[in-house]
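# Per-entry structural report
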Amino acid sequence: MRFFPILDELFSSDTVIILLIGLVVSGFLGFLMKNTKKSLIGLVVCLIIYAISELLSNIRTNNFVEIILLFLGTLAIGGTLGFLISVIASMLRSQGKESGV
């Protein structure tokens, strides 16, 4: 994982806690929105934030910037997963309403 330092750090340390925080917060926000389009926008924004932080973390600056990018990227991965879960739940909810269940 030479080109993905945030994912490498995620699998080799305890930053999973930060991922879970992002997942819970974004999943909660996605369920509150109850709109698939808004949840998809949140998913895309989190993916863009993760991609930018991953690209910037490949540029060697100082340790403080790399730590901030690590936290930001890990939260964005959790946000992506949370919004993805809320999009799937929203689609299932709308299919349930259409079929009368």
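Please read these numbers as outputs of a predicted model, since none were measured by experiment.

### Some details on the overall build of the chain
When you go through the chain residue by residue, the secondary structure sums to four helices and zero strands. Taken along its principal axes, the extent of the C-alpha atoms in the chain is 55 × 20 × 20 Å. When the 101 residues of the chain are sorted by exposure, 32% land in the buried category. Intrachain contacts of the chain at a sequence separation of at least 6 include 82% that bridge at least 24 residues. In the form shown here, the chain has an accessible surface area of approximately 6,700 Å², with 74% of it arising from carbon and sulfur atoms. Both charge centroids of the chain, one from 7 positive and one from 6 negative side chains, sit 17 Å from each other.

### A closer look at the packing of helix H2 (residues 16-33) against helix H4 (residues 63-99)
When two helices pack together, their arrangement is given by the angle between the helix axes and the distance between those axes. Interaxial distance between H2 and H4 falls to 7 Å at its minimum, and their mutual angle equals 35°. Judged by the twist between their axes, the crossing of H2 over H4 is right-handed. For the contact of H2 with H4, the residue count by class is 13 nonpolar, nine polar and one charged.

### Concerning the nonpolar core
In this structure, Ile6, Leu10, Leu19, Tyr50, Leu70, Ala76 and Ile77 together form the largest nonpolar core, which totals seven residues. Those elements that place two or more of their residues in this core are helix H1 (5-12) and H4.

### A short note on the side chain of Thr80
Along the chain, Thr80 falls in helix H4. Taking relative accessible area as the criterion, Thr80 reaches 13% and is therefore assigned buried. At 2.8 Å, the side chain of Thr80 and the backbone oxygen of Ala76 are in polar contact. Setting aside residues up to four positions removed in sequence, Thr80 forms contacts with Leu43, Cys46 and Leu47.

### Considerations on the environment of Ile85
Within the secondary structure layout, Ile85 lies in helix H4. Linking Ile85 and Ile17, residues 68 residues apart in sequence, is a C-alpha distance of 18 Å.

### Quick look at the packing of helix H3 (residues 36-57) against H4
Contact geometry of H3 with H4 gives a least axis separation of 8 Å together with a crossing angle of 155°. The orientation of H3 relative to H4 falls into the category roughly antiparallel. Classified by chirality, the crossing of H4 by H3 is left-handed.

### Structural notes on a nonpolar patch on the surface
A cluster of nonpolar side chains, Ile17, Ile21, Val25, Phe28, Leu29, Leu32, Met33 and Leu75, forms an exposed patch at the surface whose accessible area comes to about 740 Å². Among the elements that line the nonpolar patch, the one with the most residues is H2, at seven residues. Residue placement: Leu75 occurs in helix H4.

### Section: the confidence of the model for the chain
On average, residues of the chain score 85 in pLDDT, and 95% of them are at 70 or above. Across the chain, the element-wise mean pLDDT spans from 76 in H1 up to 92 in H3.

Thresholds applied
- Residues numbered from 1 in each chain as written.
- Predicted model: local features only at pLDDT ≥ 70, side-chain atom pairs only at ≥ 80, totals over all residues.
- Heavy atoms only, no water.
- Helix = DSSP H or I, 4+ residues; strand = E, 2+ residues; numbered from the N terminus.
- Buried < 20%, exposed > 50% of the residue type's maximum accessible area, 1.4 Å probe, protein only.
- Contact = heavy atoms within 4.5 Å.
- Areas by Shrake-Rupley, 256 points an atom, 1.4 Å probe, with all protein chains shown as cover.
- Lys, Arg positive; Asp, Glu negative; His and termini not counted.
- Charge placed at Lys NZ, Arg CZ, Asp CG, Glu CD.
- Axes fitted to C-alpha atoms, helices over the stretch in contact; angles between N-to-C directions.
- Left-handed = near helix turned anticlockwise from the far one by under 90°.
- Nonpolar A, V, L, I, M, F, W, Y, C, P; charged D, E, K, R; others polar.
- Core = buried A, V, L, I, M, F, W, Y, C linked by side-chain atoms within 4.5 Å.
- Polar contact = N/O pair within 3.5 Å; in protein donor to acceptor, adjacent residues only side chain to side chain.
- Parallel < 35°, antiparallel > 145°, perpendicular 65-115°, else oblique.
- Patch = residues over 30% accessible without salt bridge, like charges linked within 9 Å, V, L, I, M, F, W, Y side chains within 5 Å.
- Salt bridge = Lys/Arg side-chain N within 4 Å of Asp/Glu carboxyl O.
- pLDDT = per-residue confidence, 0-100.

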